[in-house]
Amino acid sequence: MILLKNIKAIPMIEENLIYENVNILIEGNRIVKISKDKIDAKDAYKIDGTCKLVIPGLINLHTHLGMSFFKNIADDLNLMDWLEKEIWPREAKLTPEDIELATKYSIMEAIKSGTSTLVDMYNPSSLIARSMEEMGVRGLVSYGVIDNEKPIDEKIEEIEEAFLEFKDSDLVTVNPGPHAVYTVSRESFIKLRDLALKLNTPLHIHLSETLSEVQNTIKEFSKTPVEYLDDMGIFNAKTIAAHCVHLEDKDFEILAKRNVSVAHNPCSNLKLASGIADVQKMLDMGINVGLGTDSSSSNNNLDMFEEMKFASLLAKVKSNSPTSLKAYKVLEMATVNGARAIGMENELGKIKEGFLADLAIIDLSGVNLNPLNNLISCLVYSANSSNVDSLIVNGKILLEGGKLKILGQDTLMNLANKRKEAYK
Ligand SMILES: CSC[C@H]1O[C@@H](n2cnc3c(O)ncnc32)[C@H](O)[C@@H]1O
Ligand SMILES: [Zn+2]
């Protein structure tokens, strides 16, 4: 049992609802009681909430955890030059041990910035899922498929095996992740769609990220990438589409009609000069949009606070209106909408009795957060990951007082700094 005492909370239940001083009791992996009155829980581990704010754990809807060794080594390139000249040749050399280390490093970075759920796309899925379980975070682990000499049927078998291995996990689910329309054949797409439908998992894909992706797809198939996928019935599976920067009007309509969730990655889209997604239009059309960082190689960190701020500022510029994507809406993207994208909206993304105990605690004493006039605005426009004090995932404390409770931070950092040398 954990008792958060006298804490401020943004429950994400309705706009402007803030609990000024509440007590929150966690039993097992759930929030069982939220009360202004004293809660008697003698045996509970107590966290003093003075000068602290609790929010739902943040949900990073699109990342590639295994890429942390490639941070700051391939900057200032567009997507295809970055992938083809710098990243794919290095990924071809990555050993499973190094992928595990790089993944755990990324998870540590995510935990320290208040992220409790990660939607990843990388391989091998079982190793990534195990790393998430070991470190205690929640995740959807998408097996990234790029067509190559390994037959698609072997990959399907591997995905299914990994899915079954983690079927009873409290924390992680494995699902198919066809990389993009320019790396996956029609045959593979259809098999991966059918697998997602059979396993009842989402499908996770990069979509309409660059103008050249859209132009090439139109040239080859006479359809936009969104139309091409829709015509193949890909969206019959619950789809998480990362980026969606270059959409035509008909694409927005398809995404809305087919209940596709979009993972918006503002920093990566800017850094690779991919473009600015029209998030306000997506939201106005009822499309569910969450937030992702993409990898720490194209971002170059996993700080969801930066992502929230960039998302809001970019939407204002894109629509030429400062009223676009206000702070509460962007916080919704990083919590409630992320939960909806992975089908967990009835138990994740809000601070509510009965919901999973995934909570991030912010230390409000930071100089950057004061003078403090408005908690929601302060979180989105002033805060960063250094203000994260604690993280609870599935009822377990992973970070407290800014310190990791699991795996030594220094050990992971030393190991990662040593091993990254092999990929320079
Ligand atoms: C097959 S595993 C995932 C695959 O995706 C690559 N990747 C990382 N970031 C992006 C991006 O923004 N667009 C497209 N592909 C990306 C990563 O390097 C892996 O090869
Ligand atoms: Zn990506």
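Residues numbered from 1 in each chain as written. Chains lettered and ligands numbered in written order. Predicted model: local features only at pLDDT ≥ 70, side-chain atom pairs only at ≥ 80, totals over all residues.

## As for the UniProt feature "domain: Amidohydrolase-related" (unreviewed entry) in the chain
Consideration 1: In the numbering used here, UniProt assigns the feature "domain: Amidohydrolase-related" (unreviewed entry) to residues 53-398.
Consideration 2: Along residues 53-398 the backbone is 42% helical and 19% strand, and the end-to-end C-alpha distance reaches 17 Å. (UniProt positions renumbered as here; feature names shortened; annotations may be inferred. Helix = DSSP H or I, 4+ residues; strand = E, 2+ residues; numbered from the N terminus.)

## Examining the UniProt feature "binding site: substrate" (unreviewed entry) in the chain
Consideration 1: When the UniProt feature table is mapped onto this chain, "binding site: substrate" (unreviewed entry) is found at Glu-91, His-179, Glu-209 and Asp-294.
Consideration 2: By secondary structure assignment, the location of His-179 is in the loop between strand S9 (172-178) and helix H5 (186-199).
Consideration 3: Apart from residues lying up to four places away in sequence, His-179 is in contact with Gly-144, Val-145, Ile-146, Val-184 and His-206.
Consideration 4: Inspection of the secondary structure assignment puts Asp-294 in the loop between strand S13 (288-291) and helix H11 (304-318).
Consideration 5: Dropping the residues within four chain positions of it, Asp-294 is found in contact with His-62, Thr-63, His-64, Asn-265, Ser-268 and Asn-299. (Contact = placed C-beta atoms within 7 Å.)

## A closer look at the sheet that holds strand S12 (residues 261-264)
Consideration 1: The 4 strands are arranged S10-S11-S12-S13 in an open sheet whose pairing can be described as parallel. Of all the strands in the sheet, just strand S10 (203-207) and S13 have a single pairing partner and so form its edges. When strand polarity is set aside, the average angle formed by the axes of neighbouring strands in this sheet is 30°.
Consideration 2: Where S12 lies against S13, 4 bridges are found, and the strand directions are parallel. By the bridge assignment, Val-262 is partnered in S13 with Val-289. (Pairing = 2+ DSSP bridges. Axes fitted to C-alpha atoms, helices over the stretch in contact; angles between N-to-C directions.)

## Notes on the confidence of the model for the chain
Note that predicted coordinates carrying low pLDDT should not be read in detail.
Consideration 1: Of the residues in the chain, 100% have a pLDDT of 70 or more, and the chain-wide mean is 98.
Consideration 2: Across the assembled chains, the prediction reports ipTM 0.99 with pTM 0.98. (pLDDT = per-residue confidence, 0-100.)

## A closer look at the site of ligand 1
Consideration 1: Around ligand 1, 18 residues are found, and the nearest of them are His-64, Ile-87, Gly-144, His-179 and His-206.
Consideration 2: Where the shell around ligand 1 is concerned, the elements lending two or more residues are helix H1 (79-91) and strand S7 (115-122).
Consideration 3: Per-element tally for the shell around ligand 1: the top contributor is H1, with 4 residues.
Consideration 4: Across the shell around ligand 1, the residue classes tally to 7 nonpolar, 8 polar and 3 charged. (Near = placed C-beta within 6 Å. Nonpolar A, V, L, I, M, F, W, Y, C, P; charged D, E, K, R; others polar.)

## A few points about the pairing of strand S11 (residues 239-243)
Consideration 1: With 5 of 5 residues buried, S11 is to be regarded as a mostly interior element.
Consideration 2: In the sheet, S10 pairs with S11 via 5 bridges, with the strands oriented parallel. Along S11, the bridge assignment pairs His-206 with Ala-242.
Consideration 3: Bridge count between S11 and S12: 3 bridges; the pairing is parallel. Bridged to Ala-242 within S12 is Ala-263. (Buried ≥ 20, exposed ≤ 12 C-beta atoms within 10 Å, placed from the backbone.)

## Some thoughts on the sheet that holds strand S6 (residues 58-63)
Consideration 1: In space, the 4 strands of this open sheet follow the order S6-S7-S8-S9, with parallel pairing throughout. Strand pairing shows two members of the sheet lacking a second neighbour, S6 and S9, which therefore form its edges. This sheet shows a mean twist of 15° between the axes of neighbouring strands, independent of strand direction.
Consideration 2: The pairing of strand S8 (residues 138-145) with S9 spans 7 bridges and is parallel. Pairing of Val-145 across the sheet is with Pro-178, part of S9.
Consideration 3: Contacts between helix H12 (residues 327-341) and the sheet are confined to S6 and S7, with S6 contributing the most and set at about 55° to the helix.

## What to know about the domain arrangement of the chain
Consideration 1: One can read the domain layout of the chain as domain 1 (2-57 + 352-404) and domain 2 (58-341).
Consideration 2: A C-alpha centroid distance of 28 Å is found between domain 1 and domain 2.
Consideration 3: With 23 residues of domain 1 at the interface, the matching set in domain 2 holds 27 residues.
Consideration 4: Among the secondary structure elements, those contributing two or more residues to the side of domain 1 that touches domain 2 are helix H13 (375-382), strand S15 (388-393) and strand S16 (396-400). (Domains from an automatic or database assignment.)

## Considerations on the packing of helix H2 (residues 96-112) against helix H3 (residues 125-135)
Consideration 1: Relative orientation of the contacting elements H2 and H3 amounts to 40°, with a least axis distance of 10 Å. Considered as vectors, H2 and H3 are oriented oblique to each other. You can see that H2 and H3 cross each other, and the crossing is right-handed. Contact residues: H2 offers Pro-96, Ile-99, Glu-100, Thr-103, Lys-104 and Ile-107, while H3 offers Leu-127, Ile-128, Ser-131, Met-132 and Met-135. (Parallel < 35°, antiparallel > 145°, perpendicular 65-115°, else oblique. Left-handed = near helix turned anticlockwise from the far one by under 90°.)

## Things to note about the pairing of S16
Consideration 1: Two strands pair when backbone bridges link them, and S15 and S16 are joined in this way by 3 bridges, in the antiparallel orientation. Counted as the bridge partner of Ile-392 is Ile-397 from S16.
Consideration 2: The turn linking S15 back onto S16 is made up of 2 residues, and Asn-394 within it adopts a positive phi angle of 55°.
Consideration 3: Once S16 ends, the chain turns through 2 residues before running back antiparallel as strand S17 (residues 403-404), passing Gly-401 with a positive phi of about 60°.

## A closer look at the nonpolar core
Consideration 1: With 121 residues, the main nonpolar core has Val-54, Met-132 and Ala-311 as its most contacted residues.
Consideration 2: Summarising the domain contributions, this core has at least three residues from each of domain 1 (2-57 + 352-404) and domain 2 (58-341).
Consideration 3: With near-sequence residues (within four places) excluded, Met-132 lies in contact with Ile-107, Leu-118, Val-137, Gly-139, Val-141, Leu-171 and Val-172. (Core = buried A, V, L, I, M, F, W, Y, C linked by C-beta atoms within 7 Å.)

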